[in-house]
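Commentary on secondary and tertiary structure
The primary structure of each chain is shown beneath.
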Amino acid sequence: MPVKNKLALPDHIVSILKAGIQAPSGDNCQPWAFKVDGNYIDLYLRPEVDRSFFNFRQLASVISCGAVLENMRCEAARLGYMLDFEVDGSGDFSKPIAKMHIEKSRARSEDLITLSKVIYKRCTNRKMYDRRPIPAEHIEQLKREVERISGCELHLFTDRKDIFRWARLVYMADRLRTERRDLHEHLMSMIRWTDEEAREKRDGLPLKNLEAGLAGELFLRATRSWKVMRVCNAVGLSKLVAFHSFRAMLNSSAVGVVTAPEMNVINYVTGGQSIERIWLKSGDLSLSIQPMTAITLFLNKLYGDGTDVFAKKHKEIMQVIVMNLKKFFQKYLLNTIPIFLFRLGYALQPTYVTYRQNPLRLLV
């Protein structure tokens, strides 16, 4: 989608746009653009930014757009405005996915204002967490944030047996992820290998942001080529990569799953709003979050395209994952679609952050 030069925008519109694009996105691909006409803003999803295997029907990017909308609502409230929007659920991304209207408001939305203060602090924290229990009142506060956005549910698992079960499933999904050439090459294309590259491109994942440590960074550099990674997979090194995710899950205070009633654009926008509220409220409570979404993204593909999109051994892995989900978590996931999986806990703040594009370069 071409970028066009625009006249200077009012300060409140620029602030709302800047807050919106602090939203999370797959590998920080930032799949959004905006059209501004006075106090009307159209939000576009840019499919060309991420056509990876994980982004089935652009649903991962739809979730990100939902998070953008929630950030914009929060920032508008902080500035004394009310932001309303309508979502286009057709899946035709040549049209705006959401049309917004902003107007002055005398009413103060205290919940949105509180969350707005955390927008620029929100981040993915890939450090190891401790296992300190989360106070029950904080768990309830997180659940209430989702209840404010009708349509999705939050399930939080704090029992150590449940966390171990989720850790095993994440381990299996991450093994599958490292053994797919398309996913490996997509990830490598999104890593920014030097700080200079990260600052220049202002998207993707700076290498240091991955919190891989010196050994992990050397491994990532050595396996940029699929030929090398394929050899590593053949000798079992994919297990080591997945084991890192397994340890990360175990060393968490809780595992969270956001579910939606159906797989469609409306529900995934709502899911993105809910996820961003959880993330912002977690920051307000000094909690850290890391998405562990390989499972939910593979499930999107499985439910949408069936098993034929997986190699034989990967079909077997997916069958085991689905079987375990039904065995241990069916009462939570019954008649719903899990759209976001994350670990939650206490940790030191990340040393390195991701960058964002200038919002004025995202205008169409």
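Residues numbered from 1 in each chain as written. Predicted model: local features only at pLDDT ≥ 70, side-chain atom pairs only at ≥ 80, totals over all residues. Heavy atoms only, no water.

**Things to note about the environment of Asp305**
Within the secondary structure, Asp305 is located in helix 12 (residues 294-305). Accessibility expressed as a relative area gives 36% for Asp305, which makes it partly exposed. A sequence separation of 249 residues divides Asp305 from Phe56, and the C-alpha atoms of the two residues are 9.0 Å apart. (Helix = DSSP H or I, 4+ residues; strand = E, 2+ residues; numbered from the N terminus. Buried < 20%, exposed > 50% of the residue type's maximum accessible area, 1.4 Å probe, protein only.)

**Comments concerning helix 9 (residues 226-234)**
Listing the buried residues of helix 9 in full gives Trp226, Met229, Cys232 and Asn233. Buried positions in helix 9, seen along its axis, are confined to an arc of 115° and lie on one side of it. Away from the buried face of helix 9 by more than 90 degrees, exposed residues Lys227, Val231 and Ala234 are located. Buried residues along helix 9 sit in contact with helix 5 (160-178), helix 6 (181-190), helix 8 (213-222) and helix 10 (237-250). Immediately beyond the C-terminal end of helix 9, within one or two residues, lies Gly236, with a positive phi of roughly 95°. (Arc of directions from axis to C-beta. Contact = heavy atoms within 4.5 Å.)

**Considerations on the side chain of Ser245**
Mapped onto the elements, Ser245 comes out in helix 10. Apart from the residues within four sequence positions on either side, Ser245 is in contact with Val170, Asp174 and Met292.

**Topic: helix 11 (residues 265-284)**
For helix 11, which comprises 20 residues, the first-to-last C-alpha distance of 29 Å matches the rise-based estimate of 28 Å (1.5 Å per residue) to within 8%. The buried fraction of helix 11 is high, at 17 of 20 residues. Capping of helix 11 at its N-terminal end is provided by Asn264; its side-chain oxygen lies 3.2 Å from the backbone amide nitrogen of Ile266. Just beyond helix 11, the residue with positive phi is Ser286, at close to 65°. (Expected span 1.5 Å × (residues − 1). Polar contact = N/O pair within 3.5 Å; in protein donor to acceptor, adjacent residues only side chain to side chain.)

**A few points about the pattern of salt bridges**
Here the structure, examined in full by the defined rule, presents 26 salt bridges. In this structure, the salt-bridge partner of Asp203 is Arg192, at a minimum N-O distance of 2.9 Å. Here the residue Asp203 occupies a position in the loop between helix 7 (195-201) and strand 7 (205-206), and Arg192 occupies one in strand 6 (residues 191-192), the gap between them amounting to 11 residues. The same class applies to Asp203 as to Arg192, namely buried. Ionic pairing is found between Asp284 and Lys281, a salt bridge with its closest N-O pair at 3.1 Å. Of the two residues, Asp284 and Lys281 both sit in helix 11, three residues apart, roughly one turn of that helix. Assessed through its relative accessible area of 35%, Asp284 is described here as partly exposed. Residues participating in the shared-partner salt-bridge network are Glu70, Arg73, Asp111, Glu145, Arg148 and Arg277. (Salt bridge = Lys/Arg side-chain N within 4 Å of Asp/Glu carboxyl O.)

**A closer look at the sheet that holds strand 8 (residues 254-260)**
Within the open sheet, the four strands sit side by side as 5-8-10-9. Their pairing is antiparallel. The open sheet is flanked by strand 5 (153-157) and strand 9 (288-291), the only strands paired with a single partner. Taking each pair of neighbouring strands and ignoring which way they run, the sheet shows an average axis angle of 30°. Of the strand pairs in this sheet, strand 5 and strand 8 are connected by five bridges, and their pairing is antiparallel. By the bridge assignment for strand 8, Glu153 is matched with Thr259. In this fold helix 5 packs onto strand 5, strand 8 and strand 10 (337-345), with an angle of close to 70° to the strand it touches most, strand 8. (Pairing = 2+ DSSP bridges. Axes fitted to C-alpha atoms, helices over the stretch in contact; angles between N-to-C directions.)

**Some thoughts on the packing of aromatic side chains**
The full count for this structure, using the stated rule, is 14 aromatic pairs. Centroid distance Phe164 to Phe246: 5.9 Å. Interplanar angle 80°. Geometry classified as edge-to-face. Here the residue Phe164 occupies a position in helix 5, and Phe246 occupies one in helix 10, the gap between them amounting to 82 residues. Pairing Trp279 with Phe340 gives two aromatic rings, centres 6.1 Å apart and planes at 45°, and the pair type is tilted. Taken together, the residues Trp279 in helix 11 and Phe340 in strand 10 connect sequence positions 61 residues apart. Each member of the pair, Trp279 together with Phe340, is buried. In textbook terms, an aromatic cluster arises when at least three aromatic residues are bridged by ring pairs, as seen for Phe157, Trp166, Phe328, Phe329 and Tyr332. The ring of Trp279 carries the charged tip of Arg122 above its face, separated from the ring centre by 4.5 Å. (Phe/Tyr/Trp six-rings, centres within 6.5 Å; stacked < 30°, edge-to-face > 60°. Lys NZ or Arg CZ within 6 Å of the ring centre and 35° of its normal.)

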